[in-house]
Amino acid sequence: MMVNFVLIAVCIITGMVFKATKSIHPDAHKGINTWILCLALPAVSFKYLPKIKWTTEMLFPIVATLLVSVFCFFFMMFYSKSKGYSRRSRSTLELTSGYSNTSFIGFPLISAFYGESLLSIAIICDQTMFFALSTLGIIAAVKGGSRSRKVSAKFILKRLITFPPLIGCVAALILSQFIDFTLAEPFFDKLAATISPLALFSVGLQLKFNGWKKLIPQMSVSMLYKLILAPAIVLGLAMLFNIKGDVAKITVFEAAMPTVVTSSIIAEQFRLNTKLTNLIIGFSIIVGFLTSAVWYHVIELLF
């Protein structure tokens, strides 16, 4: 486990070094992300989803992931009102606090702490997270950044049905009922194996830390919710509904992941505070490595 953890750090640091030395194109991460989104993540769906044994407990990752986003909405609403923040700032905080990095960071950490066999549960968390980000997240971004502050159902639906990982997820679930993908598993294995190193390298290329001191209050409250309160909420739900075993462990652990990198793209698209967004992403990844280790021990102690 320690070896995998070191490899995670090496991949991110390597990306940061390449960025600092300017020996790689500034937009290189976009090509890497395209590979991950269009090929690697769909391959993970075809590798693991057909093998999932669906039970009523498997609904827990879906419900818990959605509730984290919903609770974040109310938490940031009250916090922003108490501080007198603008709707733009509130939307930025909602976007950076309610959605976990369930794939780019979550998958490698789950592989390191729990093993790749439990990625099937993580995929459910990841697809649910993206669904919430593409609906609740987009609505919040539109209200905070656009002039009209209106969003059409057609726009949201288009984002959903054209997202490659979601297409891969649905295709894997449907086609596996009619086609045996056993012969293709080595191919899926090779594609899926590229996620961890490439995703973490991409994250390293995108990290930005300039001008962080003035934004410490917003960054702190965002990371408080994302890294502490969100997994605590999921942990409480698991105990309340008596959800145990691997489903509970992975769902809580995924909720403890840092801010999803995609929030930076959405923040830029809808004219939110991209500087704050990027800072939260960067610092939450660093702090998240420490808090995720703590949550791992808490989860193992309770489950």
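See the structure shown above.
Calculation criteria
Residues numbered from 1 in each chain as written. Predicted model: local features only at pLDDT ≥ 70, side-chain atom pairs only at ≥ 80, totals over all residues. Heavy atoms only, no water. Helix = DSSP H or I, 4+ residues; strand = E, 2+ residues; numbered from the N terminus. Buried < 20%, exposed > 50% of the residue type's maximum accessible area, 1.4 Å probe, protein only. Phe/Tyr/Trp six-rings, centres within 6.5 Å; stacked < 30°, edge-to-face > 60°. Core = buried A, V, L, I, M, F, W, Y, C linked by side-chain atoms within 4.5 Å. Contact = heavy atoms within 4.5 Å. Axes fitted to C-alpha atoms, helices over the stretch in contact; angles between N-to-C directions. Parallel < 35°, antiparallel > 145°, perpendicular 65-115°, else oblique. Left-handed = near helix turned anticlockwise from the far one by under 90°. Patch = residues over 30% accessible without salt bridge, like charges linked within 9 Å, V, L, I, M, F, W, Y side chains within 5 Å. Areas by Shrake-Rupley, 256 points an atom, 1.4 Å probe, with all protein chains shown as cover. Salt bridge = Lys/Arg side-chain N within 4 Å of Asp/Glu carboxyl O.

Caption draft 1: Structural context of the side chain of Arg90. Secondary-structure assignment places Arg90 in helix H4 (residues 87-97). Given the relative accessible area of 12%, Arg90 is considered buried.

Caption draft 2: Quick look at the packing of aromatic side chains. One pass over the full model with this rule turns up 13 aromatic pairs. Centroid distance Phe46 to Phe181: 5.2 Å. Interplanar angle 75 degrees. Geometry classified as edge-to-face. Highlighted residues: Phe46 in helix H2 (residues 28-48) and Phe181 in the loop between helix H8 (164-175) and helix H9 (185-192), separated in sequence by 135 residues. Pair check on accessibility: Phe46 and Phe181 agree, each one buried. An angle of 35 degrees between the planes, with centres 4.9 Å apart, marks the rings of Phe113 and Tyr296 as tilted. With a gap of 183 residues between them, Phe113 in helix H5 (residues 106-113) and Tyr296 in helix H14 (residues 274-302) connect regions that are remote in the sequence.

Caption draft 3: Quick peek at the nonpolar core. One finds Phe60, Phe107, Tyr114, Met219, Phe253 and Ile285 to be the most contacted residues of the largest nonpolar core, which totals 78 residues. Beyond its immediate sequence surroundings of up to four residues, Phe253 is in contact with Leu109, Ile110, Phe113, Tyr114, Ser292, Tyr296 and Ile299. Grouped together as the second largest cluster of nonpolar side chains are 13 residues, Met129, Ala141, Val260 and Leu272 included.

Caption draft 4: Representation of the packing of H2 against H9. As a packed pair, H2 and H9 sit with axes 8 Å apart at the nearest point and diverge in direction by 135 degrees. By the criterion of interaxial angle, the relationship of H2 to H9 is oblique. The crossing of H2 and H9 is left-handed. Across the interface between the two elements, Trp35, Leu39, Ala40, Ala43, Val44, Phe46 and Lys47 of H2 pack against Phe188, Asp189, Leu191 and Ala192 of H9.

Caption draft 5: Structural view of a nonpolar patch on the surface. A grouping of Trp54, Val170, Leu173, Ile174, Leu175, Phe178 and Ile179 is seen on the molecular surface, where their side chains present a nonpolar patch of about 680 Å² in accessible area. Mapped onto the elements of the fold, Leu173 is located in helix H8. Take Leu173: its relative accessible area is 31%, and that puts it in the partly exposed class.

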